[in-house]
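# Fold and geometry: a report
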Amino acid sequence: MKYTKLGNSDLNVSRICMGCMGFGDAKSGQHSWTLEEEHSREIIKRGLELGVNFFDTAISYQSGTSEQYVGRALRDFAKREEVVVATRFIPRTPEEIACGVTGQQHIDKLLDTSLRNLGMDYVDLYIYHMWDYNTPIYDIMEGLNNAVKAGKVRYIGISNAYAYQLAKANALAEQNGFVKFVSIQGHYNLIFREEEREMAKLCAEDNIAMTPYSALAGGRLSKRPGETSKRLEEDSYAKGKYDGTAEQDGKIIARVAELAGKHGVSMTEISLAWLLRKTTSPVVGATKLHHIEGAARAVDLALSPQELAYLEELYVPHKPVGVMAQNTAASANEKHVWSTGNQKI
């Protein structure tokens, strides 16, 4: 494993971040394909053995059970100071807004719930999951700054934002002496490259870490035509992101398979080797041991400039999908993908 600094922080993170959305009670959340605790623990332990020290979860994953599984496994298999734990919070609900719960109060409540789930005193990276048009960004930034001052959070990140939103938030933070976002977790992979338009340029200039999610496009960039999995069959959210462009994306996926054959490696390794050239630490989900093993091997795979260009040349623009499709003021009051589920906050 190789390591790098997370943007303008002093966090030393593995080049592969283990995405923990696939861990949690399958009967207690959005997804039906998630792993029970025993198998989640096996994958987390294997990741640690391979040198992965960066783990990403969320309060909204399977009603908090992902956080619980991750927290218990890390307590059993690692020293707290040797791992970097990230989790995230979602916008205020309409009910909270109606009751007058402020942005700062909302952050306090969700952070304390996440810390209880994880069984930890602090998180290394607390991520603003998606832009909240109903809450002033000043309230968000002040609330996050207070969490850092209280010792509950070391650094803050943002997810599912446009470059102008990240720049605006960090400018406001600098103006008011608040902590700034050190990372962006956006939707970025070989078949969805919209982050290259502006976000990647902003991050390069300001040394903001890119830790993209959906690094393998929900498994599409790791499987040849005809291969399937429980997630590919049952993940309706990922289907909504990728099915509409499957034909054009399939041409790129075929090139991934071609280069995998040429190098004698997995498609996972080719897809991540490309993404590792572009970003700090891709968030890679794993529901089988070989998933995290392939991701770890990708760190050492070098693709030639010609191979990188070969993988890139067929890409065509994509419209926003998933959470980013709702990143508009007009969508602010619509029902969003993520919630805290059945947790008592």
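Here the structure is shown first, and the text comes after it.
Residues numbered from 1 in each chain as written. Predicted model: local features only at pLDDT ≥ 70, side-chain atom pairs only at ≥ 80, totals over all residues. Heavy atoms only, no water.

### Quick notes on the sheet that holds strand β5 (residues 84-89)
If you trace the eight strands from one edge of the open sheet to the other, you get β9-β8-β7-β6-β5-β4-β3-β10, paired in parallel fashion. Two strands bound the open sheet, and with one partner strand each, they are β9 (209-210) and β10 (283-285). Of the strand pairs in this sheet, strand β7 (residues 153-159) and strand β8 (residues 181-185) are connected by four bridges, and their pairing is parallel. Paired with Ile158 across the strands is Ile184, a residue of β8. (Pairing = 2+ DSSP bridges. Helix = DSSP H or I, 4+ residues; strand = E, 2+ residues; numbered from the N terminus.)

### Description of helix α5 (residues 137-149)
The end-to-end C-alpha separation of α5 is 18 Å, in line with the 18 Å expected for 13 residues at 1.5 Å each. Where α5 is concerned, the buried positions are Ile137, Ile140, Met141, Gly143, Leu144, Asn145, Ala147 and Val148. On the buried face of α5, the contacting elements are β5, α4 (103-118), β6 (123-128), β7, α6 (163-176) and β8. With its phi angle positive at about 85°, Gly151 sits one or two positions after the end of α5. (Expected span 1.5 Å × (residues − 1). Buried < 20%, exposed > 50% of the residue type's maximum accessible area, 1.4 Å probe, protein only. Contact = heavy atoms within 4.5 Å.)

### A look at the packing of α5 against α6
Packing of α5 against α6 leaves a shortest axis separation of 10 Å and a crossing angle of 60°. Taken together, the axes of α5 and α6 lie oblique to each other. Classified by chirality, the crossing of α6 by α5 is right-handed. Along its contact with α5, which presents Ile137, Tyr138 and Met141, the element α6 presents Lys168, Ala169, Leu172, Ala173 and Asn176. Considered class by class, the residues forming the contact of α5 with α6 number six nonpolar, one polar and one charged. (Axes fitted to C-alpha atoms, helices over the stretch in contact; angles between N-to-C directions. Parallel < 35°, antiparallel > 145°, perpendicular 65-115°, else oblique. Left-handed = near helix turned anticlockwise from the far one by under 90°. Nonpolar A, V, L, I, M, F, W, Y, C, P; charged D, E, K, R; others polar.)

### Quick word on the pairing of β7
For β7, the tally of buried residues reaches five of seven residues, placing the bulk of the element in the interior. Sheet analysis places β6 next to β7, joined by five bridges and oriented parallel. Within β7, the residue paired with Ile127 across the bridge is Gly157. The parallel pair β6 and β7, bridged by α5, forms a crossover whose chirality is right-handed. (Right-handed = clockwise from strand over helix to strand, strands pointing away.)

### Describing the layout of surface pockets
To find the voids left in a structure, one rolls a probe of water-molecule size over its atoms. Quantified by volume, the second largest pocket comes out at close to 610 Å³. Contributing to the lining of the second largest pocket are 34 residues, with Ile90, Thr93, His336, Trp338 and Ser339 lying nearest its centre. When residues of the lining of the second largest pocket are traced back to their parent elements, those giving at least two are α3 (94-98) and α4. Counting residues per element, the lining of the second largest pocket draws most heavily on α3, which supplies four residues. (1 Å grid on protein atoms, 1.4 Å probe; cavity = no way out; pocket = protein on both sides within 12 Å on 5 of 7 lines; lining within 4 Å. Points joined across faces, edges and corners; volume = space filled by probe spheres on them.)

### Focus: the pairing of β5
For β5, the tally of buried residues reaches six of six residues, placing the bulk of the element in the interior. Burial along β5 is two-sided: Val84, Ala86 and Arg88 and Val85, Thr87 and Phe89, pointing in opposite directions, are all buried. Here strand β4 (residues 54-56) pairs with β5 via three bridges, running parallel. Counted as the bridge partner of Asp56 is Ala86 from β5. Once the chain exits β4 it traverses helix α2 (residues 65-77) before rejoining the sheet at β5, and the crossover so formed is right-handed. As paired elements, β5 and β6 share four bridges and run parallel to each other. Residue pairing across strands places Arg88 opposite Ile127, the latter belonging to β6.

### Overview of helix α13 (residues 305-312)
Since the α-helix turns once every 3.6 residues, residues separated by three or four places project in the same direction. Listed in full, the buried residues belonging to α13 are Glu307, Leu308 and Leu311. Along the axis of α13, the buried residues cluster in a sector spanning 100°; they form a single face. In this structure, α13 carries Pro305 and Gln306 as exposed residues pointing more than 90 degrees from its buried face. Structurally, α13 contributes buried residues whose contacts are with α10 (246-263) and α11 (267-276). (Arc of directions from axis to C-beta.)

### Points about unusual backbone geometry
Positive phi, normally seen in glycine, also occurs at Ser214, with a value near 55°. Counting through the fold element by element, Ser214 comes out in the loop between β9 and α8 (230-234). Under the relative-accessibility criterion, Ser214 is labelled buried at 14%.

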